[in-house]
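Architecture and fold: a report
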Amino acid sequence: MSVTMETLVSLCKRRGFVFQSSEIYGGTGSCWDYGPLGVELKNNIKRVWWRDFVQQRADMVGLDASILMHATVWKASGHVDHFTDPMVDCRECRRRFRADKVDEQPWVHYCPATKGNKFTIPAGEPCGHCGARRTLCPECGKGELTPPRQFNLMFRTFMGPVEEDAAVTYLRPETAQGIFVNFDNVLQSMRRKLPFGIAQIGKAFRNEITPGNFIFRTREFEQMEIEYFVNPNDTVAGRPADEYWHERWIEDCVGWFKRYGLREENLRLREHDKDELAHYAKRTADVEYRFPIGWSELMGIANRTDFDLKQHAQFSGKTLTYFDEDRKAHVVPYVIEPSAGADRALLAFLADAYREEEVRGEKRVVLRLHPELAPVSVAVLPLLKKRDDIVETAQKIRDELAKRWIAVYDDTAAIGRLYRRQDEVGTPYCVTVDVQTVGDRDKGEAGDGKVTIRDRDSMDQARVPIGELVPVVGELLAGGEWTKIAARFPAVKVS
Ligand code: GAP
């Protein structure tokens, strides 16, 4: 079963993943706030991406450039002149649409063949009664649309206290340019040899004409970008180095998304046609994901050639080249750019993890998130919240686990419901402290010092001594197989 966007939006709000920005004022519809669980999930995505693509690779370094940059950066990059979408306005209701997307939405039609009855007709289809196609505003069905005009997607602002033309700058619409303008700084300070890459994670802003579909298209979002510099004169495995590395990055990126949970059947590659390619790109492949809204771009991997470095060299008057020791010549590197959106990645991981299952006649909602991404790694639950010794032991265990992982304590419901709540937010393991753990002082019974650990996916449980909990949870979160690890301990029969 594939999950709908409404279900995800509702889960995200109810369980504290994502809230509408400024909701108490009616919301913005184009920006979203990450709640307590959402921020952990997003941080985990970014942390794992950074670890895998930057820290674990010998050919990568990181960067954190400022969001506000010199205005000329955006002239050189082409954004001032070309970062536009064609926009049309309804003369009646004043709504705005992207001219190239206006036929991708259902349209309202007052049909003359049915005495002007109002119909909502599926995107791109003609009216079933009169055969007319959409010409008017798709939302109000009455107003004519203006001819398209180009609308620049960058947010303009002013640097400094005087609002004059000379002070105009922009919120960055991509993190990439912060990397290009620092190419020489990194090259000199880090003494890198080609090929090498610079990665950056950060906010980007685009004044999208029609933002929407939850966090899929927003006006403020986060990118995880890499600019990988290669020597265009080199060959690798019999191919030009840029083409070889482009292919490698496509494989690595798709492999990364699969490793952290996206199913193969929900991922595909889409090559940009020649007429769709950006003017600087030699080849671009999008990794598309089957989102609840259909197949859409999750990330792009472009071969940007030497365009950006040459542009910035020309506009800044600085040399942005690499000295090729073997050929004793300066060269402008080519750039392979894997560029992913952190928000879209989060949406894809959530959509792929979402399952509705039937357990003993009841519906169970579970997020089968990869343990490294799950917003809570382990939840510690007391079986009886009225027993101080149980509560105290559970809280102590949580504090110990929280030194290493994201661990929570929850005693706000009965155990069955607590398990369901943790399933619904993707917590891979729950630890329960019960009477057997602590014993019964009044009856003079000593506890066994063991707790029950429960696996989210199989719902199987095992009894583990408290002293072994940290290594066991550590093994499990490091990717250890539940069945193998649990087999070392007595199983708990689940009724
Ligand atoms: N530097 C290249 C670049 O920015 P892009 O295809 O425009 O390329 C890269 O953006 C990624 O950023 C997209 O694949 C998407 O994941 C994310 N992205 C772009 N615009 C977005 C928006 N308005 N809202 C959310 N994510 C967005």
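Presented here is an overview of the structure given in this document. In this text, all values refer to a predicted model and were calculated from it rather than measured experimentally. (Residues numbered from 1 in each chain as written. Predicted model: local features only at pLDDT ≥ 70, side-chain atom pairs only at ≥ 80, totals over all residues. Heavy atoms only, no water.)

A few points about the pairing of strand 16 (residues 283–291)
A large share of strand 16 lies buried, amounting to seven of its nine residues. Sheet analysis places strand 15 (residues 267–271) next to strand 16, joined by five bridges and oriented antiparallel. Each residue of the ladder has a partner; that of Leu269, found in strand 16, is Val287. Bridge count between strand 16 and strand 17 (residues 294–305): nine bridges; the pairing is antiparallel. Bridged to Arg283 within strand 17 is Asn303. With antiparallel pairing between neighbouring strands as the criterion, strand 16 and strand 17 make up a hairpin whose turn holds two residues. (Buried < 20%, exposed > 50% of the residue type's maximum accessible area, 1.4 Å probe, protein only. Helix = DSSP H or I, 4+ residues; strand = E, 2+ residues; numbered from the N terminus. Pairing = 2+ DSSP bridges.)

Considering the state of the cysteines
Counting across every chain of the model gives zero disulfides. Here Cys31 is not cross-linked by a disulfide; its sulfur's nearest cysteine counterpart is in Cys12, at 16 Å. Cys127 provides the cysteine sulfur closest to Cys130, a residue in no disulfide bond, and the two sulfurs are 3.8 Å apart. (Disulfide = S-S within 2.5 Å.)

So, the packing of helix 2 (residues 36–55) against helix 9 (residues 342–353)
Remark: helix 2 packs on helix 9, axes separated minimally by 10 Å, with the N-to-C direction vectors making an angle of 110°. Compared by their axis directions, helix 2 and helix 9 come out roughly perpendicular. Counting all contacts with helix 2, which are made through Gly38, Leu41, Lys42, Ile45 and Lys46, the residues of helix 9 involved are Ala342, Asp343, Ala345, Leu346, Phe349 and Leu350. Tallied by class, residues from the contact of helix 2 with helix 9 come to seven nonpolar, one polar and three charged. (Axes fitted to C-alpha atoms, helices over the stretch in contact; angles between N-to-C directions. Parallel < 35°, antiparallel > 145°, perpendicular 65-115°, else oblique. Contact = heavy atoms within 4.5 Å. Nonpolar A, V, L, I, M, F, W, Y, C, P; charged D, E, K, R; others polar.)

Side note on the nonpolar core
Counting residues in hydrophobic clusters, the biggest one holds 65 residues, and the most contacted among them are Phe17, Ile45, Trp249, Trp256, Phe257, Leu298 and Phe349. With residues up to four places along the chain from it excluded, the contact list for Trp249 reads Phe53, Arg57, Met60, Ile226, Tyr228, Ile301, Ile336 and Pro338. Membership of the second largest hydrophobic core comes to 25 residues, among which are Val391, Val464, Val473 and Leu477. (Core = buried A, V, L, I, M, F, W, Y, C linked by side-chain atoms within 4.5 Å.)

Looking at the pattern of salt bridges
Within the structure shown, the criterion is met by 53 salt bridges. Measuring nitrogen to oxygen at the nearest pair gives 3.0 Å for the salt bridge that ties Arg15 to Glu424. With a gap of 409 residues between them, Arg15 in the loop between helix 1 (5–14) and strand 1 (18–20) and Glu424 in helix 11 (residues 415–424) connect regions that are remote in the sequence. Of the residues examined, Glu424 reaches a relative accessible area of 13% and is grouped as buried. Here the residues in one salt-bridge network are Glu357, Arg364, Arg368, Arg420, Asp423, Arg454, Arg456 and Asp457, joined through shared partners. (Salt bridge = Lys/Arg side-chain N within 4 Å of Asp/Glu carboxyl O.)

Quick notes on the environment of Glu264
Relative to the elements of secondary structure, Glu264 occurs in the loop between helix 7 (241–259) and strand 15. C-alpha separation for the pair Glu264 and Val254, spaced 10 residues apart in sequence, amounts to 9.1 Å.

Focus: the side chain of Asp89
Relative to the elements of secondary structure, Asp89 occurs in strand 4 (residues 84–89). Relative accessible area serves as the criterion here: at 10%, Asp89 is assigned to the buried category. A polar side-chain atom of Asp89 sits 2.6 Å from a polar atom in the side chain of Arg96. Polar side-chain contacts of Asp89 include one of 2.6 Å to the side chain of Arg149. (Polar contact = N/O pair within 3.5 Å; in protein donor to acceptor, adjacent residues only side chain to side chain.)

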